[in-house]
Amino acid sequence: MTMYMQEAYHPIHLCQPDCSKSCGACCGLYNWHDHSRSTLTALLSLQTELLAVHLPRNSIEAYRSERELRIESTKLCSDIYNCEFLGFIDPERKRVGCLAHPKVNNGNDLRDLCLYGRDICQNHFCPGYSCLTTIEQKAVIYSIDDWYLYGLIITDIDLVKEFFRQVENRIGDSIRERNLMHPAALKALRDFFLLKEHWPFKAAAPRLGKYFFTATEYTIARIDYQKRWGIPGSQYDKILVSLESDFSNREELHASERMIEEKINAFIAAYIAQQKLHSYG
Ligand code: SF4
Ligand code: SF4
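Residues numbered from 1 in each chain as written. Chains lettered and ligands numbered in written order. Predicted model: local features only at pLDDT ≥ 70, side-chain atom pairs only at ≥ 80, totals over all residues. Heavy atoms only, no water.

Chemist: Run through the pattern of salt bridges, naming residues and quoting values.
Modeler: What the rule picks out here adds up to 19 salt bridges. Here the salt bridges do not stand alone but share partners, grouping Arg37, Asp145, Asp146, Arg190 and Glu197 into one network. (Salt bridge = Lys/Arg side-chain N within 4 Å of Asp/Glu carboxyl O.)

Below you can see the structure in the form of structure tokens.
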């Protein structure tokens, strides 16, 4: 949500980490029934183009009316705010951000026009800032180079932490930055994160990560392994829940576990290869 912040507290700027991507998740970016890449790209483009016309004229009500007419999407959870000032902040449309922010609005701070107001917008830091370790934050930033996937992953604490836990248990060590920051390891990590966008076992019911939505509430989704298949659980339960999984039968569950296993093993192979290079050097 924030575009600039105090580096002493948050040395890594998760909202706007670099020129190739950024995040707008806490401004409601993904809170749409259809939150596919193509739909959100069209929505952000629409808001960017309409705001470019209306903000300089200070015609916010006209903007709101026109946006309302042209938006086709419906909200996922009505209690979560979908901010109308979210758009692309760069000409290349690689970075999502706040178009009411003074840095992109000729010095005018229009954030008080949104539901949260300027103070909340400026001072909100999502759990990614406090719950992810520095190496986990860097892993997400350096492996992903587009706003859509980046926003989905940097806000999915369970997915990132569980990936690290699985890998570290197998290699018997913490993931080290010097072995991680290599193209092959980063690509393998990105391939794992891409499961989030292209997961074949995604539930049909409205979900966002581990949250399941009814009309106005969200609760944590669970997979009842015992009841459905008479098994105690899956070693990848946290990952499966984060990926919004639903399975028709036990075979699908096992197929999904194999897919996750393959991605983790591919990462470990790339990581170990790099580790060996360093130990020879
Ligand atoms: S969800 Fe977190 S990283 Fe994303 S914009 Fe909000 S505060 Fe920044
Ligand atoms: S006004 Fe606040 S909620 Fe809206 S896009 Fe800007 S930072 Fe996000």
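Continuing now.
Chemist: Which residues make up the layout of surface pockets, and what values go with them?
Modeler: What the largest pocket holds in volume is close to 910 Å³. Around the largest pocket sit 35 residues that line it, and Ala25, Cys26, Thr155, Leu208 and Tyr211 are the ones nearest its centre. Counting residues per element, the ones that place at least two in the lining of the largest pocket are helix H4 (127-131), helix H6 (147-154), helix H7 (157-171) and strand E4 (211-213). Here the residues of the lining of the largest pocket sort into 23 nonpolar, eight polar and four charged. Two domains each put at least three residues into the lining of the largest pocket: domain 1 (1-155) and domain 2 (157-280). Of the pockets and cavities examined, the second largest pocket occupies roughly 270 Å³. Along the wall of the second largest pocket there are 16 residues; nearest its centre are Leu51, Leu55, Leu99, Val104 and Asn105. Ranked by the residues each element gives to the lining of the second largest pocket, the list is headed by helix H1 (residues 37-57), at five residues. Here the residues of the lining of the second largest pocket sort into ten nonpolar, five polar and one charged. (1 Å grid on protein atoms, 1.4 Å probe; cavity = no way out; pocket = protein on both sides within 12 Å on 5 of 7 lines; lining within 4 Å. Points joined across faces, edges and corners; volume = space filled by probe spheres on them. Helix = DSSP H or I, 4+ residues; strand = E, 2+ residues; numbered from the N terminus. Nonpolar A, V, L, I, M, F, W, Y, C, P; charged D, E, K, R; others polar. Domains from an automatic or database assignment.)

Chemist: Give a description of the packing of H7 against helix H9 (residues 183-193) that names residues and reports values.
Modeler: Interaxial distance between H7 and H9 falls to 12 Å at its minimum, and their mutual angle equals 135°. The angle between H7 and H9 places the two elements in the oblique class. The two elements H7 and H9 cross, and the hand of that crossing is right-handed. Contacts between H7 and H9 involve Leu159, Val160 and Phe163 from the former and Leu189, Phe192 and Phe193 from the latter. Residue composition of the contact of H7 with H9, grouped by class: six nonpolar, no polar and no charged. (Axes fitted to C-alpha atoms, helices over the stretch in contact; angles between N-to-C directions. Parallel < 35°, antiparallel > 145°, perpendicular 65-115°, else oblique. Left-handed = near helix turned anticlockwise from the far one by under 90°. Contact = heavy atoms within 4.5 Å.)

Chemist: Quick one: what's the story with the packing of aromatic side chains, residue by residue and with numbers?
Modeler: All told, the structure shown has 16 aromatic pairs when counted by the stated rule. Note on Phe163 and Phe193: the rings are 6.4 Å apart at their centroids and 50° apart in plane angle, and the pair reads as tilted. Within this pair, whereas Phe163 is found in helix H7, its partner Phe193 is found in helix H9, the two being separated by 30 residues in sequence. Taking relative accessible area as the criterion, Phe193 reaches 0% and is therefore assigned buried. Centroid distance Phe163 to Phe267: 5.1 Å. Interplanar angle 75°. Geometry classified as edge-to-face. Pair noted here: Phe163 is in helix H7 and Phe267 is in helix H12 (residues 250-280), with a separation of 104 residues, a long-range link. Here Phe163 matches Phe267 in class, with each residue buried. Aromatic rings pair up to connect Phe163, Phe164, Phe192, Phe193, Phe267 and Tyr271 into one cluster. Lying across the ring of Tyr150, Lys21 places its NZ or CZ 5.9 Å from the centre. (Phe/Tyr/Trp six-rings, centres within 6.5 Å; stacked < 30°, edge-to-face > 60°. Buried < 20%, exposed > 50% of the residue type's maximum accessible area, 1.4 Å probe, protein only. Lys NZ or Arg CZ within 6 Å of the ring centre and 35° of its normal.)

Chemist: Tell me about the domain arrangement of the protein chain, residues and numbers included.
Modeler: When the parts of a complex come together, some accessible area is lost, and that lost area is often taken as the interface size. Annotation of the protein chain at the domain level lists domain 1 (1-155) and domain 2 (157-280). For domain 1 and domain 2, the distance between their C-alpha centroids amounts to 26 Å. Contact with domain 1, which involves 30 residues of that partner, is made by 26 residues of domain 2. Together, the buried faces of domain 1 and domain 2 total about 2300 Å²; carbon and sulfur atoms form 70% of this surface. The shortest N-O distance in the salt bridge between Glu197 and Arg37 comes to 2.8 Å. (Buried area = accessible area lost by both parts, 1.4 Å probe.)

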